[in-house]
Amino acid sequence: MHSIVSANSATMQRNDSPLVLLIVGPECNGKTSVLRRWIANEFDEEEECTTFDVVGLQVGSIKAVVQEIGGHESYSFRSVWRNVRKVLHGLVILYDMCYDKVDFELLKFYHDQVRRAMTRGRRRSSQPLPCVVLASHLDEKDRRATTTAQGREFAERLGALYFEVSAKTGEG
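Let me sum up the structure you'll find in this document. (Residues numbered from 1 in each chain as written. Predicted model: local features only at pLDDT ≥ 70, side-chain atom pairs only at ≥ 80, totals over all residues. Heavy atoms only, no water.)

**A short note on the environment of E47**
Applicable threshold: Numbered from the N terminus, helices here are DSSP runs of H or I no shorter than four residues, and strands are runs of E no shorter than two. Should any heavy atoms of two residues lie within 4.5 Å, those residues are considered in contact.
Structurally, E47 can be placed in the loop between α3 (31-40) and β2 (52-59). Each C-alpha atom, one on E47 and one on T32, is 8.1 Å from the other, the two residues being 15 residues apart in sequence. Every residue in contact with E47, bar those within four places of it in the chain, is listed here: T32, S33 and R36.

Given below as structure tokens:
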């Protein structure tokens, strides 16, 4: 799961500031577990749901700060924007592929909120913010409720990359 950071390694090597990623998605869908697998290559079966977390990591010479926002529809993004909008390098949208009622419109809302905030930040639409859509719980194929085609179609609507991942097995 280091490919998202590795894709930006040239940028990170040119300057010493950390890569800043924002991860959003519905509550208790595996955001923290995916981050833990990505950062430390470990999985905690007892991981509790988190609603807000900031994680620093280093993979090789690449430094990154990953900010997670738990998925409450009423959550105000304002407090996060003050801290990250001017330095944000990428957006990760995560959902649970085993949940039979994935609200792609809510995920799009998160995406649109980030885009709006970015237009008020340093970017002013000069370059689009890189975005990745992750479908979690790939290891639970027998419980799968959304298809790869649905996930890809959603990612394409956003102009994002799409990956299916498992924090438990490290697959994807």
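Now that the structure is up, let's keep going.
**Examining the pattern of salt bridges**
Selection rule: Salt bridge, as used here: a side-chain nitrogen of Lys or Arg that lies within 4 Å of a carboxyl oxygen of Asp or Glu.
In the structure shown here, the tally under the stated rule is 6 salt bridges. For the salt bridge of K168 with E45, the shortest nitrogen-to-oxygen distance reads 3.9 Å. With a gap of 123 residues between them, K168 in the segment after β6 (161-164) and E45 in the loop between α3 and β2 connect regions that are remote in the sequence. Across the pair R157 and E105 runs a salt bridge whose closest N-O atoms are separated by 3.3 Å. Remark: E105 occurs in helix α5 (residues 104-119) and R157 occurs in helix α6 (residues 148-158); sequence separation between them is 52 residues.

**As for the pairing of strand β4 (residues 90-96)**
To keep it simple, the criterion reads: Buried, partly exposed and exposed residues are distinguished by accessible area as a fraction of the type maximum, computed with a 1.4 Å probe on protein chains only: under 20%, between the cut-offs, and over 50%, respectively. Should DSSP find at least two bridges between two strands, the strands are regarded as paired.
With 7 of 7 residues buried, β4 lies mostly within the body of the structure. Across the two faces of β4 the burial is the same, with G90, V92, L94 and D96 and L91, I93 and Y95 all buried. Examined bridge by bridge, strand β1 (residues 19-24) and β4 share 4 bridges and lie parallel to one another. When the sheet's bridge partners are listed, L21 is paired in β4 with G90. As paired elements, β4 and strand β5 (residues 131-136) share 6 bridges and run parallel to each other. Looking across to β5, one finds that L94 is bridged to L134.

Note that all results are geometric; they support no functional claim without further evidence.
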